[in-house]
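A structural walkthrough
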Amino acid sequence: MFGRYLKVADACPSCGEALHHHRADDAPPYFTMMIVGHIVVPLVLVVEKIWHPDVSTHVMIWTAVTLSMTFALMPAVKGAIVGLQWANRMHGFDPAQRDGVHPAGP
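Here's what I pulled together on the structure shown here. All figures in this text were calculated on a predicted structure; none of them were measured in a lab.

**Overview of the overall build of the chain**
Of regular secondary structure, the chain possesses 3 helices and 0 strands. Mapped from its N terminus to its C terminus, the chain presents α and β elements in the order α-α-α. Computed over the C-alpha atoms, the radius of gyration of the chain is 20 Å, more than 25% above the 13 Å expected from 2.2 N^0.38 for a compact globule of 106 residues. If you line up the chain on its principal axes, its C-alpha atoms span 65 × 35 × 20 Å. Taken over 106 residues, the chain has a buried fraction of 23%. Surface accessibility of the chain: about 7400 Å² in total, with carbon and sulfur atoms responsible for 67%. Of the side chains in the chain, 7 bear a positive and 8 a negative charge, and the two mean positions are spaced by 3 Å.

**Let's talk about the packing of aromatic side chains**
Summed over the entire model, instances satisfying the criterion amount to 2 aromatic pairs. Residues Y30 and F31 carry aromatic rings whose centres are separated by 5.5 Å and whose planes lie at 65 degrees to one another, so their mutual orientation is edge-to-face.

**A word on the environment of D25**
Relative to the elements of secondary structure, D25 occurs in the segment before α1 (27–51). Taking the C-alpha atoms as reference points, D25 and K78, separated by 53 residues in sequence, lie 9.4 Å from one another. There is a polar contact of 3.3 Å between the side chain of D25 and the side chain of R23.

Reading guide: rules and limits
Residues numbered from 1 in each chain as written. Predicted model: local features only at pLDDT ≥ 70, side-chain atom pairs only at ≥ 80, totals over all residues. Heavy atoms only, no water. Helix = DSSP H or I, 4+ residues; strand = E, 2+ residues; numbered from the N terminus. Rg over C-alpha atoms; globule rule 2.2 N^0.38 Å. Buried < 20%, exposed > 50% of the residue type's maximum accessible area, 1.4 Å probe, protein only. Areas by Shrake-Rupley, 256 points an atom, 1.4 Å probe, with all protein chains shown as cover. Lys, Arg positive; Asp, Glu negative; His and termini not counted. Charge placed at Lys NZ, Arg CZ, Asp CG, Glu CD. Phe/Tyr/Trp six-rings, centres within 6.5 Å; stacked < 30°, edge-to-face > 60°. Polar contact = N/O pair within 3.5 Å; in protein donor to acceptor, adjacent residues only side chain to side chain.

Dropping the structure here:
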């Protein structure tokens, strides 16, 4: 699905589904921050409670852990957002709207 690290390909290499019109915008970074924050903050508190390391040790450890988790999770979260848009037929993924046929409205 990705042409590069976070660049979504114009079309799926397997099925040919057009992906160029997705609109993930700021959702992947937001959800990634929420996930990483909910994992890292309790770990920081547990490590502080058990071992009482220096502040500089905390900074070195948790900066590396936070960046590693963020870079590892971001493509998966972005893929999930694009997949959710596809499943809900949002932002151009609806074949009826793509072909110029609009469903009858009220």
